[in-house]
Amino acid sequence: MYSIAIDGPAGAGKSTIAKTIAKKLEFIYVDTGAMYRAMALYFIRHEIDPKDEEAINKACPDIHVSINYEDGVQQVLLNGENVNGLIRTEEVGNMASKTSAYKMVRATLLDLQRDLAKTANILMDGRDIGTTILPNAEVKIFLTASAKTRASRRYLELTEKGEACDMDEILKDIVDRDERDMNRAVSPLKKAEDAVLVDSSEMGIDEVVESILSVYRKRVNG
Ligand code: DC
């Protein structure tokens, strides 16, 4: 069984790249951010203040996240309800960034994430996959890009969807989220010592995919 871990900040292109590589290698793609987003949706629905760790801890035992696949696409279930269509908003993303800092929240998802890697060849993306979840992954990639590049990609994505947005606000959001993800006490976003750093600021999708595939081929073929 092989596993590939791809970590990196918001907007580095992890999910696009990860999906493409998983398809090419016929690995199962696991998006762990979606699991934190599902938990965040629960906190939003129950009007739990993200600063109130006690309330978050109290809620965690009532939250059951699971995943399944429909036509190869990961679906996230929150207490049995498919919430895939509800978790991609900025509101949920920001809530996930805040609440994923708590130990209890991370512990709620740990076994689910680790167990997935026991059943199949997987490519998992997130923030702490190479450092905490799958420390023995055969391939570890830290995929990043400058905050400016990530903000312009996000801006393009939102305008293409017809959503009104402001470049300065998006950039501020990205910088704030990096700050939270990298500086939290539990499982902060950081490059694992044995991860290969890929900076996609000046690279196209195909180039990034090819560079990661070549790391994989070298590891597997020796
Ligand atoms: O990748 P994403 O934007 O969907 O993730 C949403 C938030 O979840 C992100 O700001 C930090 C958190 N997260 C995490 O702490 N650990 C992971 N493995 C994946 C996501």
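A quick note: this is a predicted structure, and the numbers were derived from the prediction, not measured.

Draft legend 1. Region of interest: the overall build of the chain. For the chain, the count of helices and strands is nine helices and eight strands. For 222 residues, the compact-globule formula gives about 17 Å, and the C-alpha radius of gyration of the chain, at 17 Å, lands near that figure. By residue count, 47% of the 222 residues in the chain fall in the buried class. Looking at the chain alone, contacts between residues at least 24 apart form 74% of all its contacts between residues at least 6 apart. A total accessible area of about 11400 Å² is found for the chain, and carbon and sulfur atoms account for 51% of it. Across the chain, 30 positive and 37 negative side-chain charges occur, with their mean positions spaced 3 Å apart.

Draft legend 2. Spotlight on the pairing of strand S4 (residues 73–78). In terms of residue burial, S4 counts as a mostly covered element, since five of its six residues are buried. Where strand S3 (residues 65–70) and S4 come together, six bridges link them in antiparallel fashion. Bridging across to S4, valine 65 finds its partner in leucine 78. The turn joining S3 and S4, which pair antiparallel and follow one another in sequence, is formed by two residues; a positive phi near 50 degrees is taken by aspartate 71. Bridging between S4 and strand S5 (residues 81–82) involves two bridges; their strand directions are antiparallel. Following the sheet pairing, leucine 77 is matched in S5 by asparagine 82. With antiparallel pairing between neighbouring strands as the criterion, S4 and S5 make up a hairpin whose turn holds two residues, including asparagine 79 at a positive phi of roughly 45 degrees.

About the thresholds
Residues numbered from 1 in each chain as written. Predicted model: local features only at pLDDT ≥ 70, side-chain atom pairs only at ≥ 80, totals over all residues. Heavy atoms only, no water. Helix = DSSP H or I, 4+ residues; strand = E, 2+ residues; numbered from the N terminus. Rg over C-alpha atoms; globule rule 2.2 N^0.38 Å. Buried < 20%, exposed > 50% of the residue type's maximum accessible area, 1.4 Å probe, protein only. Contact = heavy atoms within 4.5 Å. Areas by Shrake-Rupley, 256 points an atom, 1.4 Å probe, with all protein chains shown as cover. Lys, Arg positive; Asp, Glu negative; His and termini not counted. Charge placed at Lys NZ, Arg CZ, Asp CG, Glu CD. Pairing = 2+ DSSP bridges.

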